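# Residue-level structure breakdown
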2 protein chains.
Amino acid sequence: MTDILKVAIAGGSGETGTSIVNGLLESSRPKFEIVALTRPSSLQKPRNLAFQERGVKIVAADLSGPEEELVKLLSGIDVVISALDPSAFAAQIPLANAAKSAGVSRFVPCSFATVAPPKGVMQLREMKEDIMNYIKKIYLPYTMIDVGWWFQLSIPTIPSGRTSYATIMPANMVAGDGTTPSGLTDVRDVGRWVARIIADPRTLNKLVFAFDEVLSQNQVHELLEKLSGEEVERQYAIKASDNPRDRYKLWNMQYLHSRGIRGDNTPEYAKYLGYLSARELYPDMKGNTLKQWFQEVLSNKATRVYMQKSTEA
Amino acid sequence: MTDILKVAIAGGSGETGTSIVNGLLESSRPKFEIVALTRPSSLQKPRNLAFQERGVKIVAADLSGPEEELVKLLSGIDVVISALDPSAFAAQIPLANAAKSAGVSRFVPCSFATVAPPKGVMQLREMKEDIMNYIKKIYLPYTMIDVGWWFQLSIPTIPSGRTSYATIMPANMVAGDGTTPSGLTDVRDVGRWVARIIADPRTLNKLVFAFDEVLSQNQVHELLEKLSGEEVERQYAIKASDNPRDRYKLWNMQYLHSRGIRGDNTPEYAKYLGYLSARELYPDMKGNTLKQWFQEVLSNKATRVYMQKSTEA
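To start, this report covers the structure provided alongside it. Starting from 1, residues in each chain are numbered consecutively following that chain's sequence as written. In the order they appear in the text, chains get letters beginning with A and ligands get numbers beginning with 1. Whole-chain, interface and lining totals are the exception, using all residues; otherwise, since this is a predicted model, local features are given only for residues with pLDDT of at least 70 and side-chain atom pairs are given and counted only at 80 or more. With hydrogens and water excluded, all non-hydrogen atoms of the structure serve as input to the side-chain values.

### Here's the deal with the environment of Gln 254 of chain A
Residue and element names in this part refer to chain A. Relative to the assigned elements, Gln 254 resides in helix H8 (residues 247-262). Distance in space between the C-alpha atoms of Gln 254 and Ser 82 is 23 Å, their sequence separation being 172 residues. Looking at Gln 254, its side chain comes within polar contact range of the main-chain nitrogen of Gln 123, at 2.9 Å. The helix count covers DSSP runs of H or I at least four residues long, the strand count covers runs of E at least two residues long, and both are numbered beginning at the N terminus. For this analysis, a polar contact is any N or O atom pair within 3.5 Å, provided that within protein one partner can donate a hydrogen and the other can accept it, and provided that sequence-adjacent residues contribute only side-chain to side-chain pairs.

### Looking at the relation of the copies chain B and chain A
Superposing chain B onto chain A requires a rotation of 180° together with a translation of 0.0 Å along the rotation axis, leaving an RMSD of 0.0 Å. Such a turn and shift between the copies fits a two-fold axis. Judged by C-alpha distance, Gly 274 of chain B is the residue of chain B that lies nearest the rotation axis, at 4.2 Å. Every residue pair with non-hydrogen atoms within 4.5 Å of one another is taken to be in contact. Comparing contact sets, 100% of the residues at the interface of chain B also lie at the interface in chain A, consistent with an isologous, same-surface contact. Only residues with pLDDT of at least 70 in both copies count here: their C-alpha atoms drive the least-squares fit that superposes the copies.

### A short note on the interface of chain B and chain A
Between chain B and chain A, the residue contacts involve 20 residues of the former and 20 residues of the latter. Buried area: the accessible surface (1.4 Å probe) lost by two parts on joining, summed over both. Across the interface of chain B and chain A, roughly 1800 Å² is buried in total on both sides, 54% from carbon and sulfur atoms. Together, Lys 137, Tyr 139 and Tyr 272 of chain B form the three largest contributors to the area buried by chain B at its contact with chain A, with a combined 39%. A side-chain nitrogen of Lys or Arg and a carboxyl oxygen of Asp or Glu constitute a salt bridge if their distance falls within 4 Å. Across the contact surface, chain B and chain A share 2 salt bridges. A salt bridge links Lys 119 of chain B to Asp 130 of chain A, with the nearest nitrogen and oxygen atoms 3.1 Å apart. Residue assignment for the side of chain B that touches chain A shows that the elements contributing at least two residues are helix H5 (123-137) and helix H9 (267-272) of chain B. Residue composition of the side of chain B that touches chain A, grouped by class: 11 nonpolar, 3 polar and 6 charged. Three classes are used, and their members are as follows: Ala, Val, Leu, Ile, Met, Phe, Trp, Tyr, Cys and Pro are nonpolar, Asp, Glu, Lys and Arg are charged, and the others, Gly among them, are polar.

### Describing the pairing of strand S3 (residues 57-60) of chain B
Residue and element names in this part refer to chain B. For two strands to be treated as a pair, DSSP must find no fewer than two bridges joining them. Bridge count for strand S2 (residues 31-38) against S3 is 4 bridges, and the pairing is parallel. Bridge pairing in S3 links Ala 36 to Ile 58. For the handedness criterion, the strands are oriented away from the viewer, and a crossover whose path from the first strand over the helix to the second runs clockwise is classed as right-handed. Tracing the backbone out of S2, into helix H2 (residues 46-53) and back to the parallel element S3 gives a crossover that is right-handed.

### A short note on helix H1 (residues 15-26) of chain A
Side chains three or four residues apart in an α-helix point the same way, a direct result of the helix having 3.6 residues per turn. All names here are of chain A. Expected helix span is taken as 1.5 Å per residue step, with the number of steps being one fewer than the number of residues. In a regular helix each residue adds 1.5 Å, so 12 residues correspond to 16 Å; H1 covers 17 Å between its end C-alpha atoms and thus fits that length. When you tally the buried positions in H1, you get 9 out of 12 residues, the bulk of the element. Buried residues are those whose accessible area, probed at 1.4 Å on protein chains only, stays under 20% of the maximum for their type, while exposed residues exceed 50% and partly exposed ones sit between those limits. Restricting attention to buried positions, one finds in H1 the residues Glu 15, Thr 16, Gly 17, Thr 18, Ser 19, Ile 20, Val 21, Gly 23 and Leu 24. Structurally, H1 contributes buried residues whose contacts are with strand S1 (4-10), strand S2 (31-38), helix H2 (46-53), strand S4 (79-82), strand S7 (149-150) and helix H6 (187-197).

### Describing the sheet that holds strand S9 (residues 181-185) of chain A
Residues and elements named next belong to chain A. Strand order in the open sheet made by the 3 strands is S7-S9-S11, with mixed pairing throughout. The two strands at the open ends of the sheet, each matched to only one other strand, are S7 and strand S11 (213-216). Both S7 and S9 contribute to a ladder of 2 bridges, which runs parallel. Bridged to Trp 150 within S9 is Thr 185. Across the sheet, H6 is in contact with S7 and S9; its angle to S9 comes to roughly 80°. Set on the sheet, helix H7 (residues 217-228) makes contact with S9 and S11; between it and S11 the angle comes to about 95°. Fitting a line to C-alpha atoms yields each axis, with helices limited to the stretch in contact; the angle taken between N-to-C directions then spans 0 to 180 degrees.

### Considering the packing of aromatic side chains
Under the pairing criterion, centres of Phe, Tyr and Trp rings, with the six-membered ring standing for Trp, must be within 6.5 Å; the plane angle then separates stacked pairs below 30 degrees from edge-to-face pairs above 60, leaving the rest tilted. Applying the stated criterion to the full structure yields 14 aromatic pairs over all chains. For the pair Phe 209 of chain A and Tyr 275 of chain A, a centre-to-centre distance of 6.2 Å together with 65° between the ring planes defines the contact as edge-to-face. Within this pair, whereas Phe 209 of chain A is found in strand S10 (residues 206-209), its partner Tyr 275 of chain A is found in strand S13 (residues 275-277), the two being separated by 66 residues in sequence. Taken together, the ring pairs connect Tyr 139 and Tyr 142 of chain A together with Tyr 269 and Tyr 272 of chain B into an aromatic cluster. Throughout this description, the term charge over a ring refers to an Arg CZ or Lys NZ atom that lies within 6 Å of the ring centre and within 35 degrees of the ring normal. Sitting above the plane of the Trp 149 of chain A ring, Arg 259 of chain A keeps its charged end 3.7 Å from the centroid.

Structure (structure tokens):
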């Protein structure tokens, strides 16, 4: 393993991107040199300024601009990570082309979500597969990383209201009978998993599933009930909207269907689909537990995700 | 490993199917019990009758008929193999559904061709990926097998005409500069590879690339020139037709582009795409050499492929 890996990240100031930058900064072996590719208009964003203070090089980059410029920015870079929002997925094509031309040795496209089959279940997954298929066509070395569903999006409301401050998307909705197991990860662990995965030759040209816990929705609800002493009000899933203007609602329903009813987001199905298990690759990695996270939420110390609007995931 | 594996094959009387049935019949460990699913109208086909004499159970099956019937036919079957022609690919969907319901432990969709990326290079490959994506969606255990380009489709004409009897598609066309390496297999070895692969737990839910040799087109031509003492007339590839009614021509041009110019059909690219190498899995398997095949052709002992019209590959 190299002592220092040079990483360029697009979308570094989003929820996933921030976790990744933190995870890389935290790592001691290897050390990472981080370049955050940022839209010129975002150079002064608070998260970018905070990164800069911690040694991240913030660079203005126009992903839809001339390829030579991008190739120059990526020259000498070992790993390129995309944590772009779905609305910016198409920008991964020129980024991948530039990474190929610059001789980057690993490209990590934006996946960082639940396990799902390539086609026929989730529109958002199909968009990710389109990018993966393009990467395979240009023979660019890659690692695709999924992390299951976030702890931060697993917080139901309870009658006292004391969990509400921590979520904009209360997780009271139950898909099916609530018994389907699904991989869950603390978003703050995503970067810690990524730091391991991108420095590991075993994960080159592979899918990797990283997760902290595997729990059913009923188990999630029962855990919060036990910790809070309150009852979680269950809602039951309705049919997904198929209005194309309603994409985020559709995607959410498809996530619910895929992880809650089909049971796609499990270590077993991930293996069937060709994923390596990050839990097996790094048995010493201690991720967070949902219990600890719920205790954090109940003691009013949690930070709510999605407080900013951006094109970063 | 089980001592006897029960295999059902659809398209068993085509070129690939016949090789597979022969390969399975030839195997001593494990032994295979073979059921050939055949259209009612093909029960009396000479190849089917010949198989029947060798112990293959020939069964009339309507793949587009009621699923229960198919499930009944597949009950107790360990492995289902499709060697259907592209015109019948869609029939693999009900076959896969029935295999899933019947609890079949491995489904082998029809691939048996060159390595290529999932999307953007070959229409025929994309049709195969559609089937693979469906298989993944229903969580059906599978093995996808590619075998490179056939020796039997690698025979150029020479001035004396003594190779012409052995091919309906003379291989004088050179893609690019003819230096791109590509995996080649004797179609008669396909079944011998398949017999190994489908009895092997390491290949479950994996892509496998089986090939006898890796040679460039120039090497193929030079080999025949050396063996025959004659000169091979090279033709140079023209642009593929994009007339949708001209699918076979288009596919041929796309094969030529993919294996001859892009260089997709190589062990290295196959590994990148996630294939296991059958050569590494079975180092004792002695496949044919192109030299032996050309000697067979030059001594007038070769059998021409594609002498029958059918929906089997």
